[in-house]
Amino acid sequence: MGSSSSVQISMLGLDSSGKTTILYRMKFQQYTNATPTISYNCETIKVKEGRAKGITFKIWDVGGQDNKRPLWNQYTRSSDGIIFVVDSVDRERLEEAKLELIRLLKNADNQRLPLLVIANKQDLPNSLDLCEIEKLLGLRDLHPGQVWAIQGACAITGEGLPEAMDAMFDLIVKKKSLKKKK
Ligand code: G3D
Ligand code: MG
């Protein structure tokens, strides 16, 4: 990928997992108190550091309330990758998140997209660790061709978000070179 490349990402996940907070943290490098997203937010972010340096990420943050979830495929259709955000504290809703993820990845078009799970709210005392979240979401049981990774983060401080951009970028590159080999 050249340094002038740009990628499109759909950022999905249940409502209140922290998607909009992540988006504005990435965009402005500061905390922005988000109001619940009605339809979507979209920001273009040029990465200034790390392995994705120089790459422009166009990130769609799509409303996660249950009546909005059927629209997710409209966004993934034109995407190069999916970021799926979960709230690391909300054990009950992790089950719901798992079901939504399975539903999303039933669509064969989405199976071809690299998936980065962001385990957000790692700052909270009761947050589950990445191993537990990986298990609860059943990431190892996904379609064998599904390329994925998981990254912990705190959208309030921004911790883990540069690593998340790097990981998403690495997955996109990996997927592209897998395709070439076929
Ligand atoms: P959404 O866009 O996925 O629906 P929001 O989620 O970004 O609107 O965030 C939902 C709530 O979670 C917000 O709190 C936000 O401040 C909080 N939040 C987001 N990320 C983190 C995090 O990493 N740690 C902690 N502790 N809280 C976080 P309110 O109170 O405004 O509902
Ligand atoms: Mg939102």
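Residues numbered from 1 in each chain as written. Chains lettered and ligands numbered in written order. Predicted model: local features only at pLDDT ≥ 70, side-chain atom pairs only at ≥ 80, totals over all residues. Heavy atoms only, no water.

Student: Would you mind showing me how to read the environment of S10 here?
Tutor: Among the secondary structure elements, S10 is positioned in strand β1 (residues 6-12). The exposure class assigned to S10 is buried, which follows from its relative accessible area of 0%. Considered as a pair, S10 and P125 are 115 residues apart in the sequence and their alpha carbons are 29 Å apart. Leaving out residues up to four positions away in the same chain, S10 has contacts with W60, Y75, T76, S79, G81, I82 and I83. (Helix = DSSP H or I, 4+ residues; strand = E, 2+ residues; numbered from the N terminus. Buried < 20%, exposed > 50% of the residue type's maximum accessible area, 1.4 Å probe, protein only. Contact = heavy atoms within 4.5 Å.)

Student: Just to check I follow, could you spell out the coordination of the magnesium ion (ligand 2) for this structure?
Tutor: Tetrahedral coordination by four donors sets the ideal angle at the metal to 109.5 degrees; octahedral coordination by six donors sets it to 90 or 180 degrees. Around the magnesium ion (ligand 2), the protein supplies T20 (OG1) and T37 (OG1) as donor atoms, at distances of 2.1 Å. Note that T20 is positioned in helix α1 (residues 19-28) and T37 in the loop between α1 and β2 (40-46), a separation of 17 residues in sequence. For T20, a relative accessible area of 11% puts it in the buried group. (Donors = N, O, S within 2.8 Å, 3.2 Å for Na, K, Ca; no water.)

Student: Mind showing me how you'd approach the state of the cysteines here?
Tutor: Put plainly, two cysteines are in a disulfide when a covalent bond ties their sulfur atoms together. All chains considered together, the criterion is met by 0 disulfides. With no disulfide of its own, C131 has C154 as its nearest cysteine by sulfur position, at a separation of 20 Å. (Disulfide = S-S within 2.5 Å.)

Student: Looking at this structure, how should I read helix α5 (residues 130-137)?
Tutor: An α-helical turn contains 3.6 residues, so a residue and the one three or four places further along point in the same direction. For α5, the full list of buried residues reads I133, E134 and L137. Angular distribution of buried residues about the axis of α5 spans 105°; they occupy a single face of the element. Residues of α5 that are exposed and point more than 90 degrees away from the buried face comprise C131 and K135. Taken together, the buried residues of α5 touch β4 (81-87), α3 (91-106), β5 (115-120) and β6 (148-152). For α5, the N-terminal capping position is held by D129, with its side-chain oxygen 3.1 Å away from the main-chain nitrogen of C131. Backbone geometry just downstream of α5 places G138 in the positive-phi region, at approximately 65°. (Arc of directions from axis to C-beta. Polar contact = N/O pair within 3.5 Å; in protein donor to acceptor, adjacent residues only side chain to side chain.)

Worth remembering: the numbers are spatial, not functional.
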